[in-house]
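Fold and geometry: a report
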Amino acid sequence: MTDPPTPQSPSTPQTRPTPQARAVRLGPRSVATLFLVSAVGVAAIGWPFLAPPAAQVSAHAQDAPWLFTCLLLLLVAVVAATIAESGLGPKAVAMLGVLAATGAALRPLGAGTAGIEPMFFLMVLSGRVLGPGFGFVLGSVTMFASALLTGGVGPWMPFQMLSMGWFTMGAGLLPGPDRLRGRGELLLLAGYGFLAAFAYGTVMNMQGWPYLLADGSNIAPDPDAGPLANLARFVAYCLATSLGWDLGRAVVTVILTLTLGPAILRALRRATRRAAFESPVTFDAPAR
């Protein structure tokens, strides 16, 4: 004869699954505006390899104000599309402001010495948690704020905003945002940060390289040479001028990601869960 099942005490706690931190959703209008701003950036950066021999390499200096204006308008369009499609409200804007201000404050800490720029690891972690659309806006706004803070406003700033936007957006596109955790995720983010730090430096080299005068230099752009010859000159320019700087940036990003990454990822995911960006804001009726 079997004993009757013991009734479960009503006071026995039942475990509930912890809700996942949801990245900011990227809708079709956000994708379209991101594609447009990226296409403008690629055309503005890659023109030296496709320009005809009669083109003036100093055109960047004249086009930079127009590019900056165009980029700013497209960036506003990205923000507007993301808010319209995802229902983002003041909480998301506040999160954007806090992270952008933190990144802008981190950038001067290394003063750019030997590529020591601690803001890059924060952009990697933020893009991972908040998604590619939010990440692109965050990277661009952070670079804009840091340029104002450090006085680094110039024809290079729109390219910095684009590059940092792509850098942060790429972290949001990495695989396994909902499943991969722990050491595997940290290694993935550290590896991405290492490679993306070099990619960021390469893009910034492309915006400065056309300013060099040919005058017998083997690393300056040659309007009479073909795309492959100019590509070889550009690679030589990167190796000669910025390899050590980019390596320092990549190493610092890896070290900070592996050491501070677990705590910051937990904090970002906790803040994202509590903010519930896509949940509508409701107000309860006053008690009578």
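Please refer to the structure higher up on the page.
Please read all numbers here as calculations on a predicted model, not as lab measurements.

Once that is clear, we can look at a positive patch on the surface. A cluster of basic residues, R266, R270, R273 and R274, forms a positive patch on the protein surface. By the secondary structure assignment, R273 is in helix α9 (residues 243-275).

M119, M123, F134, L138, M164, F167 and Y200 are the most contacted members of the largest nonpolar core, which totals 45 residues. Breaking this core down by element, the ones donating at least two residues are α1 (28-46), α3 (90-106), α4 (119-130), α5 (132-150), α6 (157-172), α7 (183-208), α8 (227-241) and α9. It is α4 that contributes the most residues to this core, nine residues altogether. Here Y200 is in contact with F120, M143, Q160, S163, M164, F167 and R249, once residues within four sequence places are set aside. Listed in part, the six residues of the second largest apolar core include L34, V37, F136 and M169.

Further remarks concern the packing of α6 against α7. Between α6 and α7, whose axes approach to 10 Å, the crossing angle comes to 160 degrees. When the interaxial angle is binned, α6 and α7 end up roughly antiparallel. Two packed elements cross with a definite hand, and for α6 against α7 that hand is right-handed. Listed contacts from α7 to F159, Q160, S163, M164, W166, F167, G170 and A171 of α6 are Y192, G193, A196, A197, Y200, V203, M204 and Q207. Broken down by class, the residue content of the contact of α6 with α7 amounts to eleven nonpolar, five polar and no charged.

So, about the environment of M119. On the secondary structure map, M119 appears in helix α4. Linking M119 and L256, residues 137 residues apart in sequence, is a C-alpha distance of 9.8 Å. Excluding residues that lie within four positions of it along the chain, M119 makes contacts with G103, L106, R107, T142, M143 and M164.

Below, the discussion takes up a nonpolar patch on the surface. Where nonpolar side chains cluster on the molecular surface, the patch consists of F194, L195, L247, V251 and I255 and spans about 430 Å² of accessible area. For the nonpolar patch, the secondary structure elements donating two or more residues are α7 and α9. Here V251 is to be found in helix α9. Given a relative accessible area of 37%, V251 falls into the partly exposed group.

Further remarks concern the packing of α4 against α5. Contact pair α4 / α5: the axes reach a minimum separation of 8 Å and the direction vectors enclose 155 degrees. Classified by the interaxial angle, the pair formed by α4 and α5 is roughly antiparallel. You can see that α4 and α5 cross each other, and the crossing is right-handed. For the pair α4 and α5, contact is made by M119, M123, S126 and L130 and by F134, L138, G139, T142 and M143, respectively.

Under the counting rule described, the total for this entry stands at five salt bridges. R269 is the partner of E185 in a salt bridge, and the nearest nitrogen-oxygen pair spans 2.5 Å. Residue E185 is located in helix α7, and its partner R269 is located in helix α9; the two are separated by 84 residues in the primary sequence. Given a relative accessible area of 10%, R269 falls into the buried group. Because the salt bridges share partners, they merge into one network encompassing R128, R181, E185 and R269.

Rules used in this analysis
- Residues numbered from 1 in each chain as written.
- Predicted model: local features only at pLDDT ≥ 70, side-chain atom pairs only at ≥ 80, totals over all residues.
- Heavy atoms only, no water.
- Patch = residues over 30% accessible without salt bridge, like charges linked within 9 Å, V, L, I, M, F, W, Y side chains within 5 Å.
- Areas by Shrake-Rupley, 256 points an atom, 1.4 Å probe, with all protein chains shown as cover.
- Salt bridge = Lys/Arg side-chain N within 4 Å of Asp/Glu carboxyl O.
- Lys, Arg positive; Asp, Glu negative; His and termini not counted.
- Charge placed at Lys NZ, Arg CZ, Asp CG, Glu CD.
- Helix = DSSP H or I, 4+ residues; strand = E, 2+ residues; numbered from the N terminus.
- Core = buried A, V, L, I, M, F, W, Y, C linked by side-chain atoms within 4.5 Å.
- Buried < 20%, exposed > 50% of the residue type's maximum accessible area, 1.4 Å probe, protein only.
- Contact = heavy atoms within 4.5 Å.
- Axes fitted to C-alpha atoms, helices over the stretch in contact; angles between N-to-C directions.
- Parallel < 35°, antiparallel > 145°, perpendicular 65-115°, else oblique.
- Left-handed = near helix turned anticlockwise from the far one by under 90°.
- Nonpolar A, V, L, I, M, F, W, Y, C, P; charged D, E, K, R; others polar.

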